[in-house]
Amino acid sequence: MTNVSQLDETEVLKVDMVADVSGSMSGQPIQEAEESMSNFIRSVQFSAGDMVELTSFSTGVRLEQEFCGDEGLLLSKINDLYTGDSTSLYDALYTAVERTAAQSGARCVMAFTDGQDNYSDCTRDDVVDAAQRYHVPVFIIGIGDADYSDASYIAQQTGGVYYNIHDVYSMESIYDEIYQMEKDLFLVEFKDNTGAAVSDVSNIETGYHSIEYGGSCSYSYTPNVLLNVRSSSFYQDGPEAVVERYLRGFADAVTESDFSYISDCLKPGSAIYKEQQSYVLRDIEEQLDSFEIVSVDYSGGQNCVVLARETYFVQVSGQPLQLMTQECQYALEETGGQWKMTAFVGKVRVLSRIRQ
């Protein structure tokens, strides 16, 4: 064990606030939601470094403001919300979970909505699976008297809480509850000397014993490291570092039609080299948002397959902006002490496409 600390002492709280701006929210519902969201913003401890992102949804999903600590800016964005069209609740929650999962420290999603989803590409279970994968709790504030069984299920399954706005005493009390749940936790850092891979299941037992108190708990999990593209490089060497460098450069290569962004990651003359050399010339703009190296499977000492989970904002000419999450398998080969990518393994598996 290398370090133990309380999150309140070392980490800030990141909240992705999700606002329903569908047509049914017009009038009093959006006024109630804006008032509640504004009160919540005023409760956030920005001076301690906490940050909030604002996401809205109707027929599609819109990123109103990236994570920031500017109370005035967030209040202005909330006051500028307007309503109309259908309800893409699941798409919005999935997007918020993915973006929040790539943040460090304590984090959660808080949604304000008045009704059932009727337009999403994602399902209720897609949201739950993503939130459970990255341990992101979803808190939902119900506006009005609609049936919220699905919303309540999502909150319960992800470790969050469902509230009806009529039962909420104050948004400050909800913030205090979330703050206590997320930042009163303890961060335990340890180094594994068993030779286990990052993708192996970890079985953890923790205990505390003193003259007055004692207790223990057990927990099993598979580590999942979702990386924000704006963060610094995570992998320093090996095939993982090559794939990370390729992913960070690929969106620029496609957007600017410049193969040099990724060419040094690929083995000259290989299948992937030739394929991507022509692919980057297509009329597409891509922006990598986050990625995860899921697994590395070796075949001998000089060949391996890396499975990556990647989330992009994709703009195809004449089509709506999409947030696309996919899984890709890359074959790599070590030659002369350097790893290079040689081919795609199988087909790209698209996990979700969300209209923005």
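For the structure itself, look to the data block above.
Here goes a summary of the coordinates provided. Computed from a predicted structure; not experimentally measured. (Residues numbered from 1 in each chain as written. Predicted model: local features only at pLDDT ≥ 70, side-chain atom pairs only at ≥ 80, totals over all residues. Heavy atoms only, no water.)

Comments concerning the pattern of salt bridges
Pairing between side chains of opposite charge can happen when their charged atoms approach one another.
Next, step 1: A full pass over the atoms with the stated rule returns 13 salt bridges.
Next, step 2: One salt bridge in this structure joins Arg-230 and Asp-289, with 3.6 Å as the shortest N-O distance. Separated by 59 residues along the polypeptide, Arg-230 in the loop between strand S11 (227-228) and helix H8 (238-255) and Asp-289 in strand S12 (residues 284-298) bring together distant segments of the chain.
Next, step 3: Among the residues examined, Arg-230 registers a relative accessible area of 46% and is labelled partly exposed.
Next, step 4: Overall, the relative accessible area of 2% leaves Asp-289 in the buried class.
Next, step 5: Ionic pairing is found between Glu-327 and Arg-349, a salt bridge with its closest N-O pair at 3.3 Å. Residue Glu-327 is found in strand S14 (residues 322-335), and its partner Arg-349 is found in strand S16 (residues 349-355); the two are separated by 22 residues along the sequence.
Next, step 6: According to the relative accessible area criterion, Glu-327 is buried, its value standing at 16%.
Next, step 7: What makes Arg-349 exposed here is its relative accessible area of 51%. (Salt bridge = Lys/Arg side-chain N within 4 Å of Asp/Glu carboxyl O. Helix = DSSP H or I, 4+ residues; strand = E, 2+ residues; numbered from the N terminus. Buried < 20%, exposed > 50% of the residue type's maximum accessible area, 1.4 Å probe, protein only.)

Notes on the pairing of strand S6 (residues 138-142)
Next, step 1: Among the 5 residues of S6, 5 are classified as buried, and the element is accordingly described as predominantly covered.
Next, step 2: Going residue by residue along S6, you find Val-138, Ile-140 and Gly-142 tucked away on one face and Phe-139 and Ile-141 tucked away on the opposite face as well.
Next, step 3: Both strand S5 (residues 106-113) and S6 contribute to a ladder of 5 bridges, which runs parallel. The partner of Ala-111 across the bridge, within S6, is Ile-140.
Next, step 4: The parallel pair S5 and S6, bridged by helix H5 (residues 124-134), forms a crossover whose chirality is right-handed.
Next, step 5: Across 3 bridges, S6 lies against strand S7 (residues 162-164) in parallel orientation. The residue of S7 that forms the bridge with Ile-141 is Tyr-163. (Pairing = 2+ DSSP bridges. Right-handed = clockwise from strand over helix to strand, strands pointing away.)

Quick look at the environment of Ile-78
Next, step 1: Summarising the element assignment, Ile-78 is placed in helix H3 (residues 71-79).
Next, step 2: Using a relative accessible area of 1% as the deciding quantity, one classes Ile-78 as buried.
Next, step 3: Spatially, the C-alpha atom of Ile-78 lies 29 Å from that of Asp-129, the residues being 51 residues apart in sequence.
Next, step 4: The contacts of Ile-78, once residues within four sequence positions are left out, are Met-17, Glu-34, Met-37, Ser-38, Ile-41 and Leu-54. (Contact = heavy atoms within 4.5 Å.)

Regarding the side chain of Ser-290
Next, step 1: With respect to the secondary-structure elements, Ser-290 resides in strand S12.
Next, step 2: Classification of Ser-290 by relative accessible area gives buried; the value is 0%.

As for the packing of H5 against helix H6 (residues 149-158)
Next, step 1: Orientation of H5 relative to H6, taken along the N-to-C sense of each, is 20 degrees, at an axis distance of 9 Å. Comparing their axes, H6 and H5 come out roughly parallel. Regarding H5 and H6, the two cross each other, and that crossing is right-handed. Taken together, the residues of H6 that come into contact with H5 (itself represented by Arg-124, Asp-125, Val-127, Val-128, Ala-131 and Gln-132) are Asp-150, Tyr-153, Ile-154, Gln-157 and Thr-158. (Axes fitted to C-alpha atoms, helices over the stretch in contact; angles between N-to-C directions. Parallel < 35°, antiparallel > 145°, perpendicular 65-115°, else oblique. Left-handed = near helix turned anticlockwise from the far one by under 90°.)

A word on the environment of Gly-215
Next, step 1: Following the sequence through the fold, Gly-215 ends up in strand S10 (residues 214-221).
Next, step 2: A relative accessible area of 33% places Gly-215 in the partly exposed class.
Next, step 3: What Gly-215 contacts, discounting residues up to four positions off in sequence, is Thr-206, Gly-207, Tyr-208 and His-209.

In short, shape yes, function no, at least from these values alone.
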